[in-house]
Amino acid sequence: MPLETDSAPAPKARAAAENAGSTGTTGGTRAQARARAARNRRITVYTARVLLLIGLLGLWEWLARSAVIDPFNFSMPSKIWDQIVRWATDGTPQGSLWEQIWYTLYEALVGWIIGVVAGVILGIALGRVHFLSDVLGPYIKVLNALPRIVLAPIFLIWFGLGPASKIASAVVLVFFPVFFNAFQGAREVDRNLVANARILGASNRQVTFQVVIPSATSWIFTSLHVSFGFALIGAIVGEYIGATKGLGLLVSASQGTFNAAGVYAAMVILAVVALLAEGVLSFLERSLFRWKPADSGDGR
C-alpha cells in the first residue's frame, strides 16, 4: 500500500509536465507570431515609404517635363541628380564636394557638442538649484524669445568668415531645446527616489549623478534628435550669409547663378546627412535604453 500511495501522484505529475510543455509551446508560437507580424509590418512600412518617394519624384519629373510647373524655377529630379553627380565627380567652384560636406558637418558637429554640453549642465544645475533658477530664469526666457537666426550676421561680424561664426550660430540653436529638456527632466525626477537616496546617506553630488542625471537622460535624448538638425541649420545659415566653404555657400552660389538644380541638390545632400545623423542617434539611444519596452507596433 505505501508503494501505491507514493506512485499515485505520478500520472498527475506527467499531466502537469505535459500541460507546462503545451503552455511553453503555445507561448513560443505566440512570440514567433508577434515577431513575424512586426517584421512584416516593418517591410510594409519601408515599402510604402519607398513607393511614396518614387511617386512624388515621378510626379515632380512629369510636371516639370510637361511644363505644368516651370522647370527653370522648380528644376526636376533628373537635373538635381545630374548636379549631384557632377559635383561629386568634377568638384564644385569652391573645391571638392566632400570637402564642402565635411566643412559643414564639422561646424554643425562642434556647435552641437558645445550646445548639448552647455544645455545639459545648465539645465541640470537650474533644475536642481531653485535659487539659480529664480535668478537666471527670466534672462534665459528673454534670450529664448529672441529670433536666433538673426544673430548669424552678428556672429559673422564678431568672428569673421571662418568656422567660428557658424559654430556660434549652431550653439545658440542647439542650446535652448537641450537646456529646457534637461531642466524639465531634472524637475520631473521621482521625489521618492531622491528621498530614499537621502535616507541612505547620499550627498547632493551623489543624488545628482546617480539619481537625477540617469532619470533625465530620456528627456535629454529626446532633444538630441531635434537639436542636431538645428545645428545643421545654424551652420548652413552662417555659410549662406558669408563663408569660404560649405554647403550653405553652395546654396548661395547656386541661387546667385539662378541654378535651381544646385539649390535643390545641396538640400538633398543636407537631408541625407541629417538622416544619417538621426540613424546614429537612434542606434545610441536603443543601446543605452535597452530596458525600455519596445514599441508594440500596433499604431496606437
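Anything mentioned here points back to the structure above.
All values reported here derive from a predicted model rather than from experimental measurement. (Residues numbered from 1 in each chain as written. Predicted model: local features only at pLDDT ≥ 70, side-chain atom pairs only at ≥ 80, totals over all residues. Heavy atoms only, no water.)

Caption draft 1: The arrangement of the overall build of the protein chain in detail. When you go through the protein chain residue by residue, the secondary structure sums to twelve helices and zero strands. The order of helices and strands in the protein chain, counted from the N terminus, is α-α-α-α-α-α-α-α-α-α-α-α. Taking all contacts inside the protein chain whose residues are at least 6 apart in sequence as the whole, residues at least 24 apart take part in 73%. (Helix = DSSP H or I, 4+ residues; strand = E, 2+ residues; numbered from the N terminus. Contact = heavy atoms within 4.5 Å.)

Caption draft 2: Representation of empty space enclosed by the protein in the model. The final tally for this structure, using the stated rule, is one cavity of 30 Å³ or more. Looking at the largest cavity, its volume works out to about 30 Å³. Of all the secondary-structure elements, those providing two or more residues to the lining of the largest cavity are α8 (163–187) and α10 (204–241). Ranked by residue count, the leading element in the lining of the largest cavity is α8, at three residues. Residues belonging to the lining of the largest cavity are distributed by class as follows: five nonpolar, two polar and one charged. (1 Å grid on protein atoms, 1.4 Å probe; cavity = no way out; pocket = protein on both sides within 12 Å on 5 of 7 lines; lining within 4 Å. Points joined across faces, edges and corners; volume = space filled by probe spheres on them. Nonpolar A, V, L, I, M, F, W, Y, C, P; charged D, E, K, R; others polar.)

Caption draft 3: Here's a closer look at the layout of surface pockets. As a volume, the second largest pocket reaches approximately 400 Å³. Along the walls of the second largest pocket sit Leu53, Leu57, Trp60, Pro77, Ile80, Trp81, Ile84, Val268, Ala271, Val272 and Leu275, which together make up its complete lining. By residue class, the composition of the lining of the second largest pocket is eleven nonpolar, no polar and no charged.

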